[in-house]
Amino acid sequence: MFLACTLGRKIHTRSCQINVEDRVSAETTTTSEEIMNTLLVVDDEPDILDAIRRLFRKRYNVLTAQSVHDARLLLEEHDVQVILADQRMPRSTGIEFFCELHKTHPEIIRVLFTGYTNIDDVIDAINEGHVYRYISKPWKPSELKLFISQAFEHYNQQKEREHLTQQLKEANDQLEAQNSKLSNANEELMALDEVRRVFMEVISHELNTPIAIILGYVFLLQRELGEDMSAMSTKAVDRIVASSQRLKQISERIFQMISMESPDHALNIEPVHLREFAMDLHNQVEPFLSRRNQQLMCQIEMVHDELEADYDKLLDIFTHLVINAIKFSKDGEKIYFRARPNPDNSNEILLSVRDHGVGISPEDQAQIFNIFFSTFRTAHHSSGDYEFNKRGMGLGLSIAKKFTQMHHGRIEVQSEPDRGSTFWVYLPIKQPLEAPAQVN
């Protein structure tokens, strides 16, 4: 007796998987906790069938058939994972039967008994019937047990691979569906963003005309009446001018937001001397400080006070920050502007605006730089310019953040309710030689 080993030519094998409900026949012995796989043995010799049944009855549900016809009938009634068939049988060979099974039951693992002595004939027969393995007659029980065990293991591995492949396919289908939804949502967001941009641009431009007309008529009215205007008329005209200026500022801020998002926008970089800059900043906010009887204290702690920046945008950043400090500090308070080297980075300058005002709540601090965010407390919103603790449209800090990012810098806030706020602006001393930084 001998065991067939590795063949000289490639043997093609193929098997698929299905969900199998294991069944136990009356010929097997098993417990309620053990469910056996099914082995079908096809051979025209009853003694061989009986020997194999006795060999495997404790491990598998063993079905036997003396002909291909009987095997077909058993396949209609039972779920079979492995078939062991003899090559030489009346009316049909094992290979012919396996060729048929490859089409009707491709998932079943096929093992062949053969008495062939010519290796080439064995290879051709196995390839033709898509056989998983062949066993030469006569066979050893230990070797047959090993082959059949490996056949069932192969079946289970194939089944597991098919299960994992199906899971992967379902996951990919779900991922594709989610990607499609995200793509559609992104397109909708882009469309909404374009609508928002166009709306803001139209509003910004369209407001300028009526504002100019109002201010023009106010000028004519003042020139016509001159000193003959009553106190009430003067007060009314002043209110008209103030409201028109307020509306003009809103329009300018909206236009600033639009221009920042333009892809062809660039910075006008030039040397900025911080001591001169502090004087210009003070002059910029002086009327509003006087109105609230407040003071802006400027402190420059640098030997070389020069940095590279867009002067106008830098002035916009700190004008917005100081005006916020004015609005959220009480009358008579002091506001502090400070410039010094960044102790953690010698290539940066640290600029700050500090006040002792009402502070910012922790929940608002995460959103104060978002466009149009002023606070959730709508009672604090006001169309007035600098009334204490009154909110505006929520554009100032958003503009300050975006202008800072365009300078490859960052802006941070530290604040406690009723104890004031400090805004920190970190800017590089020299701007990198590259495209303007991306803003968000």
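None of these values were measured; they are calculated from a predicted model.

Enquirer: Looking at this structure, how should I read the pattern of salt bridges?
Expert: Where charged atoms of side chains with opposite charge meet at close range, the side chains can pair. Evaluated as defined, the whole model comprises 13 salt bridges. Asp173 is paired through a salt bridge with Lys169; the nearest N and O atoms lie 3.2 Å apart. You can see Asp173 and its partner Lys169 sitting in helix H5 (residues 141-225), 4 residues apart, about one turn around the helix. Judged by relative accessible area, Lys169 falls into the partly exposed class, the value being 48%. Connected via shared salt-bridge partners are Asp50, Arg53 and Arg54.

Enquirer: I'm lost on helix H8 (residues 311-327) in this one. Help?
Expert: Each α-helix winds once per 3.6 residues, and so residues spaced three or four apart point in a common direction. Taking 1.5 Å per residue, 17 residues should reach 24 Å; H8 reaches 24 Å between its end C-alpha atoms and fits that length. The N-terminus of H8 is capped by Asp310, whose side-chain oxygen sits 3.3 Å from the backbone nitrogen of Asp312.

Enquirer: Can you walk me through unusual backbone geometry in this structure?
Expert: Only a minority of non-glycine residues have a phi that is not negative, and only a minority of peptide bonds are not trans. Its identity as a non-glycine residue notwithstanding, His408 has a phi of 60°, on the positive side. Even without glycine at this site, Asp418 takes up a positive phi of about 70°. Looking at the secondary structure, you find Asp418 in the loop between strand S11 (410-416) and strand S12 (420-428). The exposed category is assigned to Asp418, whose relative accessible area is 68%.

Enquirer: Looking at this model, I keep getting lost on the nonpolar core. Mind explaining?
Expert: Inside soluble globular proteins, nonpolar side chains tend to come together where they are buried. Of all hydrophobic cores here, the largest spans 42 residues; its most connected members are Phe318, Leu321, Phe337, Leu351 and Phe423. In contact with Phe318, other than residues within four places in its own chain, are Phe277, Leu281, Phe337, Leu351, Val353 and Val425. Counting 21 residues, the second-largest nonpolar core is a separate cluster that includes Leu49, Phe56, Ala151 and Phe152.

Enquirer: Would you mind going over the packing of helix H7 (residues 274-292) against H8 with me for this structure?
Expert: A pair of packed helices is captured by two measures, namely the crossing angle of their axes and the spacing between those axes. H8 packs onto H7 with a crossing angle of 30° between their chain directions and a minimal axis gap of 10 Å. Overall, the two elements H7 and H8 adopt an arrangement that is roughly parallel. With respect to the hand of their crossing, H7 and H8 are arranged in right-handed fashion. Contacts between H7 and H8 pair Glu276, Phe277, Asp280, Leu281, Gln284, Val285, Phe288, Leu289 and Arg292 from the former with Tyr311, Leu314, Leu315, Phe318, Thr319, Val322, Ile323, Ile326 and Lys327 from the latter.

Enquirer: Looking at this structure, I do not really get the packing of aromatic side chains. What am I missing?
Expert: Aromatic rings in a pair are described by how distant their centres are and how their planes are angled relative to each other. This model, assessed by the stated rule, comprises 9 aromatic pairs. Judged by centre distance (5.7 Å) and plane angle (40°), the ring pair of Phe56 and Tyr60 falls under tilted. Accessibility classification places Phe56 together with Tyr60 in one group, the buried group. When the centroid spacing of 6.2 Å and the interplanar angle of 50° are considered together, the rings of Phe277 and Phe337 count as tilted. Placement of the pair is Phe277 in helix H7 and Phe337 in strand S9 (residues 334-342), with a sequence separation of 60 residues. Pair check on accessibility: Phe277 and Phe337 agree, each one buried. Here the guanidinium or amino end of Lys313 rests over the ring plane of Phe403, the centre of that ring lying 5.5 Å away. Sitting over the face of the ring of Tyr426, Arg410 holds its NZ or CZ atom 3.9 Å from the ring centroid.

Scoring rules and cut-offs
Residues numbered from 1 in each chain as written. Predicted model: local features only at pLDDT ≥ 70, side-chain atom pairs only at ≥ 80, totals over all residues. Heavy atoms only, no water. Salt bridge = Lys/Arg side-chain N within 4 Å of Asp/Glu carboxyl O. Helix = DSSP H or I, 4+ residues; strand = E, 2+ residues; numbered from the N terminus. Buried < 20%, exposed > 50% of the residue type's maximum accessible area, 1.4 Å probe, protein only. Expected span 1.5 Å × (residues − 1). Polar contact = N/O pair within 3.5 Å; in protein donor to acceptor, adjacent residues only side chain to side chain. Core = buried A, V, L, I, M, F, W, Y, C linked by side-chain atoms within 4.5 Å. Contact = heavy atoms within 4.5 Å. Axes fitted to C-alpha atoms, helices over the stretch in contact; angles between N-to-C directions. Parallel < 35°, antiparallel > 145°, perpendicular 65-115°, else oblique. Left-handed = near helix turned anticlockwise from the far one by under 90°. Phe/Tyr/Trp six-rings, centres within 6.5 Å; stacked < 30°, edge-to-face > 60°. Lys NZ or Arg CZ within 6 Å of the ring centre and 35° of its normal.

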